[in-house]
Amino acid sequence: DALVVCDNVVRIYQTETVEVQALQGLDLLVHEGELIALVGASGSGKSTLLNVLAGADAPTAGRARVAGHDLTELSRSEQVHYRRHVVGFVRQQAALNLVPYLTAGQVVDLPMTIAGERRGVRRSRAAELLELLGVAHCADRRPVEMSGGEQQRVSIAVALANRPQLLLADEPTGELDSETAAEVFAALRTVNRELGTTVVVVTHDAAVSGQVARTVAIRDGRTSSEVLRSEETDDA
Ligand code: ADP
Ligand code: ADP
(Lines give C-alpha, C1' and ligand atoms only; values in the text may rest on other atoms or scores of the structure.)
(Ligands and ions follow the chains in the order given, each with its own letter.)
Protein backbone atom coordinates (compact mmCIF):
# COMPACT_ATOMS: atom_id res chain seq x y z
CA ASP A 1 0.00 0.00 0.00
CA ALA A 2 1.07 3.57 -0.64
CA LEU A 3 2.11 5.48 2.46
CA VAL A 4 3.33 8.68 0.79
CA VAL A 5 1.68 10.09 -2.32
CA CYS A 6 2.91 13.40 -3.74
CA ASP A 7 1.10 14.53 -6.84
CA ASN A 8 2.37 17.60 -8.69
CA VAL A 9 3.55 19.29 -5.46
CA VAL A 10 4.60 22.93 -5.82
CA ARG A 11 6.22 24.97 -3.05
CA ILE A 12 7.01 28.57 -3.79
CA TYR A 13 8.97 30.77 -1.38
CA GLN A 14 8.18 34.43 -1.87
CA THR A 15 10.92 36.75 -0.67
CA GLU A 16 10.89 40.53 -1.02
CA THR A 17 12.82 40.42 -4.24
CA VAL A 18 12.39 37.01 -5.79
CA GLU A 19 10.06 34.08 -6.05
CA VAL A 20 11.82 30.75 -5.53
CA GLN A 21 10.12 27.62 -6.83
CA ALA A 22 11.64 25.09 -4.45
CA LEU A 23 9.32 22.30 -5.63
CA GLN A 24 8.03 22.52 -9.18
CA GLY A 25 5.48 19.78 -9.67
CA LEU A 26 7.03 16.92 -7.75
CA ASP A 27 5.56 13.39 -7.91
CA LEU A 28 6.57 10.72 -5.42
CA LEU A 29 5.12 7.40 -4.32
CA VAL A 30 6.52 5.54 -1.31
CA HIS A 31 5.04 2.23 -0.23
CA GLU A 32 4.53 1.11 3.34
CA GLY A 33 7.67 -0.54 4.63
CA GLU A 34 10.04 0.92 2.03
CA LEU A 35 13.40 2.52 2.79
CA ILE A 36 14.34 5.06 0.14
CA ALA A 37 17.25 7.45 -0.32
CA LEU A 38 16.60 10.94 -1.70
CA VAL A 39 19.55 12.37 -3.56
CA GLY A 40 20.11 15.58 -5.48
CA ALA A 41 22.29 18.67 -5.73
CA SER A 42 22.23 21.34 -3.07
CA GLY A 43 19.20 23.56 -3.64
CA SER A 44 17.27 20.91 -5.57
CA GLY A 45 14.44 20.87 -3.02
CA LYS A 46 15.20 17.89 -0.79
CA SER A 47 14.79 19.72 2.53
CA THR A 48 11.66 21.44 1.29
CA LEU A 49 10.18 18.04 0.43
CA LEU A 50 11.06 16.65 3.88
CA ASN A 51 9.47 19.69 5.53
CA VAL A 52 6.30 19.12 3.52
CA LEU A 53 6.23 15.44 4.50
CA ALA A 54 6.94 16.41 8.12
CA GLY A 55 3.77 18.53 8.15
CA ALA A 56 5.89 21.59 8.86
CA ASP A 57 5.38 23.33 5.53
CA ALA A 58 2.23 23.20 3.37
CA PRO A 59 2.50 22.83 -0.41
CA THR A 60 1.57 25.93 -2.41
CA ALA A 61 -0.23 23.67 -4.92
CA GLY A 62 -0.66 19.98 -5.67
CA ARG A 63 -1.51 17.12 -3.35
CA ALA A 64 0.56 15.48 -0.64
CA ARG A 65 -0.89 12.62 1.40
CA VAL A 66 0.81 10.56 4.10
CA ALA A 67 -1.00 7.65 5.77
CA GLY A 68 -4.33 9.11 4.69
CA HIS A 69 -3.56 12.59 6.00
CA ASP A 70 -3.94 15.33 3.43
CA LEU A 71 -1.00 17.67 4.10
CA THR A 72 -2.47 20.45 1.98
CA GLU A 73 -5.27 21.03 4.46
CA LEU A 74 -4.19 20.01 7.95
CA SER A 75 -5.96 21.96 10.65
CA ARG A 76 -3.87 23.13 13.59
CA SER A 77 -4.95 20.21 15.79
CA GLU A 78 -4.47 17.69 12.98
CA GLN A 79 -0.98 19.10 12.50
CA VAL A 80 -0.18 18.52 16.17
CA HIS A 81 -1.44 14.93 15.98
CA TYR A 82 0.35 14.33 12.66
CA ARG A 83 3.71 15.60 13.89
CA ARG A 84 3.42 13.79 17.18
CA HIS A 85 2.25 10.37 15.99
CA VAL A 86 2.54 9.89 12.23
CA VAL A 87 6.04 11.16 11.41
CA GLY A 88 9.40 11.19 13.13
CA PHE A 89 12.20 13.52 12.09
CA VAL A 90 15.98 13.22 12.49
CA ARG A 91 18.13 16.26 11.73
CA GLN A 92 21.66 16.26 10.41
CA GLN A 93 23.22 17.64 13.59
CA ALA A 94 22.62 15.04 16.27
CA ALA A 95 22.94 17.60 19.05
CA LEU A 96 19.86 19.42 17.72
CA ASN A 97 17.78 16.27 18.22
CA LEU A 98 18.83 15.95 21.87
CA VAL A 99 18.77 18.05 25.04
CA PRO A 100 22.15 18.74 26.73
CA TYR A 101 20.99 18.09 30.28
CA LEU A 102 18.82 15.01 29.60
CA THR A 103 20.10 11.44 29.54
CA ALA A 104 19.26 9.22 26.57
CA GLY A 105 16.58 7.48 28.67
CA GLN A 106 15.03 10.82 29.63
CA VAL A 107 15.10 12.33 26.13
CA VAL A 108 13.43 9.26 24.58
CA ASP A 109 10.86 9.48 27.37
CA LEU A 110 10.03 13.12 26.59
CA PRO A 111 7.89 12.74 23.43
CA MET A 112 5.94 9.95 25.12
CA THR A 113 5.30 12.09 28.20
CA ILE A 114 4.04 14.90 25.96
CA ALA A 115 1.78 12.39 24.21
CA GLY A 116 0.38 11.28 27.58
CA GLU A 117 1.77 7.73 27.67
CA ARG A 118 1.83 5.99 31.02
CA ARG A 119 5.05 5.64 32.88
CA GLY A 120 5.38 1.86 32.51
CA VAL A 121 4.86 2.07 28.73
CA ARG A 122 7.39 4.88 28.49
CA ARG A 123 10.01 3.07 30.44
CA SER A 124 9.74 -0.21 28.56
CA ARG A 125 9.52 1.42 25.14
CA ALA A 126 12.54 3.66 25.82
CA ALA A 127 14.56 0.62 26.88
CA GLU A 128 13.44 -1.38 23.81
CA LEU A 129 14.31 1.41 21.38
CA LEU A 130 17.74 2.06 22.90
CA GLU A 131 18.42 -1.66 22.75
CA LEU A 132 17.28 -1.98 19.12
CA LEU A 133 19.56 0.90 18.13
CA GLY A 134 22.53 -0.53 20.01
CA VAL A 135 22.72 2.32 22.54
CA ALA A 136 21.29 0.68 25.67
CA HIS A 137 24.63 1.47 27.36
CA CYS A 138 23.91 5.20 26.82
CA ALA A 139 20.58 5.19 28.73
CA ASP A 140 22.01 7.11 31.69
CA ARG A 141 24.44 9.27 29.70
CA ARG A 142 24.03 12.85 28.55
CA PRO A 143 25.00 13.89 24.99
CA VAL A 144 28.52 15.03 26.01
CA GLU A 145 29.18 11.52 27.28
CA MET A 146 28.31 9.93 23.91
CA SER A 147 30.12 9.65 20.58
CA GLY A 148 28.63 11.32 17.49
CA GLY A 149 27.31 7.99 16.24
CA GLU A 150 25.74 7.21 19.61
CA GLN A 151 24.12 10.64 19.71
CA GLN A 152 22.62 10.11 16.28
CA ARG A 153 21.32 6.62 17.16
CA VAL A 154 19.71 8.06 20.30
CA SER A 155 18.18 10.78 18.06
CA ILE A 156 16.60 8.04 15.97
CA ALA A 157 15.17 6.48 19.14
CA VAL A 158 13.67 9.86 20.11
CA ALA A 159 12.08 10.19 16.65
CA LEU A 160 10.56 6.71 17.02
CA ALA A 161 9.27 7.12 20.58
CA ASN A 162 5.64 7.58 19.57
CA ARG A 163 5.80 4.85 16.90
CA PRO A 164 5.50 6.93 13.73
CA GLN A 165 4.71 5.15 10.46
CA LEU A 166 7.16 7.36 8.58
CA LEU A 167 10.70 8.28 9.64
CA LEU A 168 12.30 11.24 7.84
CA ALA A 169 16.03 11.80 8.14
CA ASP A 170 17.79 14.83 6.65
CA GLU A 171 21.41 13.84 6.02
CA PRO A 172 21.65 12.02 9.33
CA THR A 173 25.18 10.86 8.54
CA GLY A 174 26.39 14.13 7.02
CA GLU A 175 28.62 15.12 9.92
CA LEU A 176 30.04 11.68 10.65
CA ASP A 177 33.14 9.88 9.42
CA SER A 178 32.44 7.06 7.00
CA GLU A 179 32.67 4.26 9.53
CA THR A 180 30.30 5.96 11.97
CA ALA A 181 28.00 6.93 9.10
CA ALA A 182 27.76 3.27 8.08
CA GLU A 183 26.85 2.38 11.66
CA VAL A 184 24.07 4.99 11.80
CA PHE A 185 22.75 3.92 8.43
CA ALA A 186 22.76 0.30 9.57
CA ALA A 187 20.61 1.45 12.50
CA LEU A 188 18.08 2.96 10.07
CA ARG A 189 17.96 -0.32 8.18
CA THR A 190 17.37 -2.20 11.43
CA VAL A 191 14.47 0.11 12.26
CA ASN A 192 12.99 -0.41 8.81
CA ARG A 193 13.34 -4.18 9.02
CA GLU A 194 12.44 -4.80 12.67
CA LEU A 195 9.76 -2.18 13.28
CA GLY A 196 8.47 -1.97 9.70
CA THR A 197 8.81 1.81 9.79
CA THR A 198 8.91 3.41 6.34
CA VAL A 199 12.13 5.44 6.05
CA VAL A 200 12.97 8.36 3.75
CA VAL A 201 16.58 9.45 4.10
CA VAL A 202 18.20 12.41 2.35
CA THR A 203 21.85 11.68 1.71
CA HIS A 204 24.88 12.79 -0.24
CA ASP A 205 26.68 9.66 0.75
CA ALA A 206 27.05 7.27 -2.19
CA ALA A 207 27.92 4.46 0.22
CA VAL A 208 24.50 4.96 1.79
CA SER A 209 22.46 5.40 -1.37
CA GLY A 210 24.22 2.34 -2.80
CA GLN A 211 22.71 0.18 -0.07
CA VAL A 212 19.02 0.95 -0.46
CA ALA A 213 16.62 -0.80 -2.80
CA ARG A 214 15.43 2.48 -4.29
CA THR A 215 17.06 5.85 -4.77
CA VAL A 216 14.97 8.81 -5.89
CA ALA A 217 16.82 11.67 -7.52
CA ILE A 218 15.46 15.22 -7.16
CA ARG A 219 16.42 17.81 -9.71
CA ASP A 220 15.16 21.40 -9.86
CA GLY A 221 12.26 20.63 -7.54
CA ARG A 222 11.07 17.53 -9.38
CA THR A 223 11.76 13.84 -9.12
CA SER A 224 14.15 13.24 -11.95
CA SER A 225 12.94 11.08 -14.82
CA GLU A 226 16.25 9.31 -14.55
CA VAL A 227 15.55 7.37 -11.36
CA LEU A 228 18.61 5.59 -10.10
CA ARG A 229 18.18 2.03 -9.00
CA SER A 230 20.87 0.33 -7.05
CA GLU A 231 21.49 -3.37 -7.11
CA GLU A 232 19.01 -5.37 -5.10
CA THR A 233 20.24 -6.11 -1.61
CA ASP A 234 19.47 -9.18 0.47
CA ASP A 235 16.91 -7.64 2.73
CA ALA A 236 15.44 -5.15 0.26
P1 ADP B 1 18.14 21.12 -0.78
O2 ADP B 1 17.65 20.57 0.52
O3 ADP B 1 18.04 20.13 -1.89
O4 ADP B 1 19.49 21.72 -0.68
P5 ADP B 1 16.15 23.16 -0.35
O6 ADP B 1 14.84 22.49 -0.28
O7 ADP B 1 16.78 23.59 0.92
O8 ADP B 1 17.15 22.29 -1.22
O9 ADP B 1 16.00 24.49 -1.24
C10 ADP B 1 15.36 24.50 -2.52
C11 ADP B 1 15.33 25.93 -3.02
O12 ADP B 1 14.43 26.70 -2.22
C13 ADP B 1 16.66 26.63 -2.93
O14 ADP B 1 16.76 27.50 -4.06
C15 ADP B 1 16.57 27.42 -1.65
O16 ADP B 1 17.39 28.57 -1.71
C17 ADP B 1 15.09 27.79 -1.63
N18 ADP B 1 14.57 27.97 -0.27
C19 ADP B 1 14.48 26.99 0.68
N20 ADP B 1 13.91 27.49 1.80
C21 ADP B 1 13.64 28.80 1.55
C22 ADP B 1 13.05 29.87 2.31
N23 ADP B 1 12.61 29.66 3.56
N24 ADP B 1 12.93 31.07 1.72
C25 ADP B 1 13.35 31.27 0.46
N26 ADP B 1 13.92 30.32 -0.31
C27 ADP B 1 14.06 29.10 0.23
P1 ADP C 1 12.72 8.16 37.18
O2 ADP C 1 13.59 7.00 36.80
O3 ADP C 1 12.63 8.40 38.65
O4 ADP C 1 11.41 8.23 36.48
P5 ADP C 1 14.45 9.79 35.50
O6 ADP C 1 14.49 11.28 35.36
O7 ADP C 1 15.75 9.06 35.66
O8 ADP C 1 13.50 9.50 36.71
O9 ADP C 1 13.73 9.20 34.21
C10 ADP C 1 12.54 9.74 33.70
C11 ADP C 1 11.99 8.77 32.67
O12 ADP C 1 12.95 8.60 31.62
C13 ADP C 1 11.77 7.37 33.21
O14 ADP C 1 10.51 7.20 33.83
C15 ADP C 1 11.92 6.51 31.99
O16 ADP C 1 10.71 6.49 31.24
C17 ADP C 1 12.96 7.24 31.18
N18 ADP C 1 14.29 6.66 31.46
C19 ADP C 1 15.29 7.23 32.18
N20 ADP C 1 16.36 6.43 32.25
C21 ADP C 1 16.03 5.31 31.57
C22 ADP C 1 16.71 4.09 31.28
N23 ADP C 1 17.95 3.84 31.73
N24 ADP C 1 16.08 3.17 30.52
C25 ADP C 1 14.83 3.42 30.05
N26 ADP C 1 14.14 4.53 30.30
C27 ADP C 1 14.71 5.47 31.05
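Let me begin by describing the structure that accompanies this report. A quick note: this is a predicted structure, and the numbers were derived from the prediction, not measured.

1. Some remarks on the overall build of the chain
Next up, step 1: Helix and strand content of the chain: eight helices and ten strands.
Next up, step 2: Relative to a compact globule of 236 residues, whose C-alpha radius of gyration would be 18 Å, the chain shows 17 Å and is just as compact.
Next up, step 3: Each principal axis of the C-alpha distribution contributes one length, and for the chain these read about 45 × 40 × 40 Å.
Next up, step 4: The 236 residues of the chain split such that 48% are buried.

2. What to know about the site of ligand 1
Next up, step 1: As a structural note, the neighbourhood of ligand 1 is formed by Y13, T15, V20, A22, A41, S42, G43, S44, G45, K46, S47 and T48.
Next up, step 2: Here an oxygen atom of ligand 1 sits 2.6 Å away from a polar atom, N or O, in the main chain of G43.
Next up, step 3: In the environment of ligand 1, an oxygen atom lies 2.9 Å from a nitrogen or oxygen atom belonging to the side chain of K46.
Next up, step 4: When the free accessible area of ligand 1 is taken as 560 Å², the share hidden by the protein chains comes to 61%.

3. Here we look at the site of ligand 2
Next up, step 1: Taken together, G105, Q106, D109, R119, R122, R123, A126, A127, A139 and D140 make up all the residues around ligand 2.
Next up, step 2: R119 places a side-chain nitrogen or oxygen 2.8 Å from an oxygen atom of ligand 2.
Next up, step 3: Put simply, ligand 2 lies in the second largest pocket.
Next up, step 4: Here the element with the most residues in the shell around ligand 2 is helix α5 (residues 119-132); it accounts for five residues.
Next up, step 5: For the shell around ligand 2, the per-class residue count stands at three nonpolar, two polar and five charged.

4. Notes on the pairing of strand β1 (residues 2-14)
Next up, step 1: As paired strands, β1 and strand β2 (residues 19-31) are joined by ten bridges and run antiparallel to one another. Among the inter-strand pairings, Y13 is bridged to a residue of β2, identified as V20.
Next up, step 2: Here β1 hands over to β2 after four residues, the two strands then running antiparallel side by side.
Next up, step 3: Of the pairings in the sheet, the one linking β1 to strand β4 (residues 61-66) comprises five bridges and is antiparallel in character. In the sheet register, D7 faces β4, and the bridge partner there is R63.

5. Some thoughts on the pairing of strand β8 (residues 198-202)
Next up, step 1: For β8, a buried count of five out of five residues is recorded, marking the element as mostly surrounded by other parts of the structure.
Next up, step 2: By the alternation rule, side chains of β8 split into T198, V200 and V202 and V199 and V201, which are all buried.
Next up, step 3: Bridging between strand β3 (residues 35-39) and β8 involves four bridges; their strand directions are parallel. Looking at the pairing, L35 lines up with V199 of β8.
Next up, step 4: Two elements, strand β7 (residues 166-170) and β8, share five bridges in a ladder whose sense is parallel. By the bridge assignment, L167 is partnered in β8 with V199.
Next up, step 5: Between β7 and its parallel partner β8, the chain crosses via helix α7 (residues 178-195), and the hand of that crossover is right-handed.

6. Overview of the side chain of Q152
Next up, step 1: Along the chain, Q152 turns up in helix α6 (residues 148-160).
Next up, step 2: Residue contacts for Q152: discarding those within four places in its chain leaves V90, R91, Q92, A94, N97, P172 and V184.

7. Focus: the pattern of salt bridges
Next up, step 1: Here the structure, examined in full by the defined rule, presents seven salt bridges.
Next up, step 2: The shortest N-O distance in the salt bridge between R153 and E183 comes to 3.1 Å. Placement of R153 in helix α6 and of E183 in helix α7 is noted, with a sequence separation of 30 residues between them.
Next up, step 3: Judged by its relative accessible area of 34%, E183 falls in the partly exposed class.
Next up, step 4: In this structure, the salt-bridge partner of R193 is E194, at a minimum N-O distance of 3.4 Å.

8. Section: the layout of surface pockets
Next up, step 1: In this structure, the largest pocket encloses a volume near 730 Å³.
Next up, step 2: If you trace the largest pocket, you find 25 residues lining it, with R83, V87, F89, P111 and V158 closest to the centre.
Next up, step 3: Where the lining of the largest pocket is concerned, the elements lending two or more residues are α2 (76-86), β6 (87-90), α3 (94-97), α4 (104-114) and α6.
Next up, step 4: It is α2 that provides the largest number of residues to the lining of the largest pocket, a total of five residues.

9. A closer look at the environment of T203
Next up, step 1: Residue placement: T203 occurs in the loop between β8 and α8 (206-209).
Next up, step 2: Classification of T203 by relative accessible area gives buried; the value is 4%.
Next up, step 3: Sequence-wise, T203 and T173 are 30 residues apart; in three dimensions their C-alpha atoms are separated by 7.6 Å.
Next up, step 4: Setting aside residues up to four positions removed in sequence, T203 forms contacts with A37, L38, V39, E171, T173, V208 and S209.

Criteria and thresholds
Residues numbered from 1 in each chain as written. Chains lettered and ligands numbered in written order. Predicted model: local features only at pLDDT ≥ 70, side-chain atom pairs only at ≥ 80, totals over all residues. Heavy atoms only, no water. Helix = DSSP H or I, 4+ residues; strand = E, 2+ residues; numbered from the N terminus. Rg over C-alpha atoms; globule rule 2.2 N^0.38 Å. Buried < 20%, exposed > 50% of the residue type's maximum accessible area, 1.4 Å probe, protein only. Near = heavy atom within 4 Å. Polar contact = N/O pair within 3.5 Å; in protein donor to acceptor, adjacent residues only side chain to side chain. Areas by Shrake-Rupley, 256 points an atom, 1.4 Å probe, with all protein chains shown as cover. 1 Å grid on protein atoms, 1.4 Å probe; cavity = no way out; pocket = protein on both sides within 12 Å on 5 of 7 lines; lining within 4 Å. Sits in = over half its atoms within 2 Å of the grid points. Nonpolar A, V, L, I, M, F, W, Y, C, P; charged D, E, K, R; others polar. Pairing = 2+ DSSP bridges. Right-handed = clockwise from strand over helix to strand, strands pointing away. Contact = heavy atoms within 4.5 Å. Salt bridge = Lys/Arg side-chain N within 4 Å of Asp/Glu carboxyl O. Points joined across faces, edges and corners; volume = space filled by probe spheres on them.

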